[in-house]
Amino acid sequence: MSLTRVVQALVQQAIRRAGGWLPFDRFMALALYAPGLGYYANSARQFGQMPSSGSDFVTAPEMSPLFGRALAAQVAQALEVSGTDEVWEFGAGSGALAVQLLQALGPRVRRYTIVDLSGTLRERQQRELAGWSGQVEWASELPQAMRGVVVGNEVLDAMPVKLLARTDGRWHERGLALAAGAADEADIHGGILWEDRLTDLRPPVEIAGDHDYLTEIHPQAEAFVRTLADRLEQGCAFFIDYGFPETEYYHPQRDTGTLMCHRGHLADVDPLADLGRKDITAHVNFTGLALAAQEAGLPTLGYTSQARFLINCGLVPLLAQADLAGRAAGQRLIAEHEMGELFKVIGFQRGEFWDAVGFREGDRTHTL
Ligand SMILES: C[S@@+](CC[C@H](N)C(=O)[O-])C[C@H]1O[C@@H](n2cnc3c(N)ncnc32)[C@H](O)[C@@H]1O
């Protein structure tokens, strides 16, 4: 049986067990993280520069090592200011960012701990980081208390979201059900289909108008930063991802949401197709994250575009030293039409406010 059929069977079983309807976030968790089967948990190759490598998308540290070299300037300052010698990375993918940070920071990092939901990726990270075995550790969950500088690139967008649909003026939660009499080989998507149910859930801001509107809310990403806020006794955190403040996220004209799938460096909007074989992702609502963290005692240190952050961290002189190919790849990190503007960086801090180098110019915290 193909991988997609096996994941479909898993989802069908989950729908039946849930009484005939599964909310989208639970579907997304299975499609991405079901052990050995989900997109991030099977052995397919996710990250890489080109489709010819068998990869589906490229992330900043895969695109250019200058991403980690520049971020290292911020991490170095944060280690010094917070008086810690530990780095925690969430969702480390292939391990590329860890290599870049460890190369740049050297002995300033006593311990580099990776937390990743995917066992398969952990094995890949262990191979990639074999040269740093004295410094690097893996943890399967957050400890009760932690200290250090936390980083996460494109991890929040990979956390399951809930889908909300306003149809004929009434809000529904979108989930999955099974077609009557499903499912044999001939059924499209194994007989798994969309079904909306009336809900009391709402987007965090009112959506002007009464037109049909589809969007996402992010309870898991917000719970994640709340837990981090509870556990981080000393230090700070930096997350890099694509997304917007809530006024932009829930703009009345953004009426089909941001849910997106990636396979073979192509994007599509059908998460029910090719289950287990493609990434499913949603943009990040940075206002929601900032509020969740702040309410849990971890205020925002800064928020800006990836381009502004990396330039503040010294990317331009690094580009000047690179060869032509390196400069072209590094340029994509900051070009407005590539990663420079859609991607943002948010920092959270424990304790006294300090002047973080990455947010020194062009801080946009006031837009959150
Ligand atoms: C889009 S990939 C990004 C990988 C890498 N950071 C990069 O930039 O190439 C998302 C990563 O987040 C991990 N992940 C998702 N949710 C997580 C969570 N709650 N805790 C830790 N890792 C998580 C996935 O397993 C995967 O490694």
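Predicted, not measured: the structure shown is a model, and the values here were computed from it.

**Some remarks on the sheet that holds strand 11 (residues 260–263)**
Phase 1: One open sheet holds the three strands; their spatial order is 12-11-13, and the pairing between them is antiparallel. The open sheet has two edge strands, strand 12 (266–268) and strand 13 (279–281), and neither has a second partner. Recorded for the sheet is a direction-independent mean angle of 30° between the axes of neighbouring strands.
Phase 2: Bridging between strand 11 and strand 12 involves three bridges; their strand directions are antiparallel. In the strand pairing of strand 12, His262 is matched with Ala267.

**Re helix 2 (residues 24–33)**
Helical geometry note: an α-helix holds 3.6 residues per turn, so side chains three or four residues apart project in the same direction.
Phase 1: Of the positions making up helix 2, those classed as buried are Phe24, Asp25, Phe27, Met28, Ala31 and Leu32. Within helix 2, the buried residues cover an arc of 155° as seen down the axis, which keeps them to one side.
Phase 2: Tucked inside the fold, the buried residues of helix 2 contact helix 1 (3–17), strand 1 (22–23), strand 6 (162–167), strand 7 (170–178), strand 8 (192–198) and strand 13.

**Focus on empty space enclosed by the protein**
Phase 1: Summed over all chains, the structure comprises one cavity of 30 Å³ or more.
Phase 2: Estimated volume of the largest cavity: approximately 40 Å³.
Phase 3: In this structure, the largest cavity is lined by Leu156, His218, Ala221, Glu222, Val284, Asn285, Gly288 and Leu289.
Phase 4: Contributing elements (two or more residues each) for the lining of the largest cavity: helix 7 (219–231), strand 14 (284–285) and helix 9 (286–295).

**Some words on helix 9**
Phase 1: Most of helix 9 sits inside the fold, with seven of its ten residues counted as buried.
Phase 2: All of the buried residues along helix 9 are Phe286, Thr287, Gly288, Leu289, Ala290, Ala292 and Ala293.
Phase 3: The inward-facing, buried residues of helix 9 abut helix 7, strand 10 (232–244), helix 8 (246–249), strand 14, strand 15 (300–305) and strand 16 (343–349).

What counts and how
- Residues numbered from 1 in each chain as written.
- Predicted model: local features only at pLDDT ≥ 70, side-chain atom pairs only at ≥ 80, totals over all residues.
- Heavy atoms only, no water.
- Pairing = 2+ DSSP bridges.
- Helix = DSSP H or I, 4+ residues; strand = E, 2+ residues; numbered from the N terminus.
- Axes fitted to C-alpha atoms, helices over the stretch in contact; angles between N-to-C directions.
- Buried < 20%, exposed > 50% of the residue type's maximum accessible area, 1.4 Å probe, protein only.
- Arc of directions from axis to C-beta.
- Contact = heavy atoms within 4.5 Å.
- 1 Å grid on protein atoms, 1.4 Å probe; cavity = no way out; pocket = protein on both sides within 12 Å on 5 of 7 lines; lining within 4 Å.
- Points joined across faces, edges and corners; volume = space filled by probe spheres on them.

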